[in-house]
Amino acid sequence: MSAAATTAGTRVGPAIVDRSWFDRPSLEVAQELVGKRLVHASAEGIVAGRIVETEAYAGPEDRAAHSSRGKTPRNAVMFGPPGHLYVYFVYGMHNCVNVVCGPGNKPEAVLIRAVTIDEGEDLARTRRRVSASVTDRLAAGPGNVAAAFGIDRSLNGADLLGGPVYLGDGSRPPRVVARPRIGVAYAGEWAGLPWRFLVADDSHVSRR
DNA sequence: CTTATGATTAGA
DNA sequence: CTAATCATAAGA
């Protein structure tokens, strides 16, 4: 019985409960994560949806990755075992949701950049008591994903196996395209690598 | 302690 | 294009 099956009457699918699924290079996981489901069984209710955009951040050699500056209190979770959440705060206002990958304790992670929410309420909207319209169901941009799912740094390090936040099964879209990552211009030769993956034809998945 | 800057976003 | 806005890490 999967973790999700305990939530009766929802469309939440079976959870990914195998840690080895995460125990791989982020480049692999990032591509397979497109089409999978992100689920947060929060105190304010279930929020779930389909991941439509991700970015891979490799180990210390990837100058765009936080782990390239060595282990610090902020990025320590990246250096731990795979299958955990890495949540960090940037630009003085945004939380970003990442999945720690492997192999082993290699400090790699995948940033979740956009999700189409198909179950539960966008928590950022719930708190503002504004009903979400159909077109508003897309949480585009990592800051918006975190807000919509009610994920902040208190969940940094949370286990994706058996925790309130987990990944659900889902079919991979027929067409996934690769693009350069966003906001990593400083990363030299690593800046141009097509390590951002998004659903094709969903061009307004992210702003840029 | 001070300082620079960022895996961003909204708005002009 | 720029302002907003502050945690983080490095340096003094």
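Residues numbered from 1 in each chain as written. Chains lettered and ligands numbered in written order. Predicted model: local features only at pLDDT ≥ 70, side-chain atom pairs only at ≥ 80, totals over all residues. Heavy atoms only, no water.

1. As for the pattern of salt bridges
Within the structure shown, the criterion is met by 10 salt bridges. In this structure, Arg-24 engages Glu-28 in a salt bridge whose closest nitrogen and oxygen atoms are separated by 3.2 Å. The shortest N-O distance in the salt bridge between Glu-61 and Lys-106 comes to 3.0 Å. You can see Glu-61 sitting in the loop between strand 2 (45-57) and strand 3 (85-90) and its partner Lys-106 sitting in the loop between strand 4 (94-101) and strand 5 (108-119), a full 45 residues away along the chain. Note on Lys-106: relative accessible area 30%, which makes it partly exposed. A single salt-bridge network, built from bridges that share partners, covers Glu-53, Glu-55, Arg-113 and Arg-196. (Salt bridge = Lys/Arg side-chain N within 4 Å of Asp/Glu carboxyl O. Helix = DSSP H or I, 4+ residues; strand = E, 2+ residues; numbered from the N terminus. Buried < 20%, exposed > 50% of the residue type's maximum accessible area, 1.4 Å probe, protein only.)

2. Considerations on the packing of aromatic side chains
Applying the stated rule across the entire model yields 3 aromatic pairs. For the ring pair Trp-190 and Trp-195, a centre distance of 6.1 Å and an interplane angle of 65 degrees mean the geometry is edge-to-face. Residue Trp-190 is classed as buried on the basis of its relative accessible area, which comes to 19%. Of note, Arg-24 hangs over the ring of Trp-21, and the distance from its end group to the ring centre comes to 4.9 Å. Looking at Arg-181, its charged tip hangs above the ring of Tyr-57, at a distance of 4.8 Å from the centre. (Phe/Tyr/Trp six-rings, centres within 6.5 Å; stacked < 30°, edge-to-face > 60°. Lys NZ or Arg CZ within 6 Å of the ring centre and 35° of its normal.)

3. Points about the side chain of Arg-196
Relative to the helices and strands, Arg-196 resides in strand 9 (residues 196-199). Note on Arg-196: relative accessible area 6%, which makes it buried. Within the local environment of Arg-196, its side chain forms a polar contact with the side chain of Glu-53, the two groups lying 2.8 Å apart. Within the local environment of Arg-196, its side chain forms a polar contact with the backbone oxygen of Pro-180, the two atoms lying 3.1 Å apart. (Polar contact = N/O pair within 3.5 Å; in protein donor to acceptor, adjacent residues only side chain to side chain.)

4. So, the side chain of Ser-42
Note that Ser-42 resides in strand 1 (residues 37-42). In terms of polar contacts, Ser-42 uses its side chain to reach the backbone amide nitrogen of Glu-44, at 3.1 Å.

5. Some thoughts on the protein's contact with DNA strand C
Around DNA strand C, the surrounding shell consists of Thr-72, Pro-73, Arg-74, Phe-89, Tyr-91, Gly-92, Met-93 and Arg-153. Each atom of DNA strand C within 4 Å of the protein was assigned to sugar, phosphate or base; sugar and phosphate come to 71%. In the environment of DNA strand C, a phosphate oxygen lies 3.1 Å from a nitrogen or oxygen atom belonging to the backbone of Arg-74. Taking Gly-92, its main chain carries an N or O atom lying 3.3 Å from a base oxygen of DNA strand C. The residue makeup of the surface near DNA strand C, split by class, is 4 nonpolar, 2 polar and 2 charged. (Near = heavy atom within 4 Å. Nonpolar A, V, L, I, M, F, W, Y, C, P; charged D, E, K, R; others polar.)

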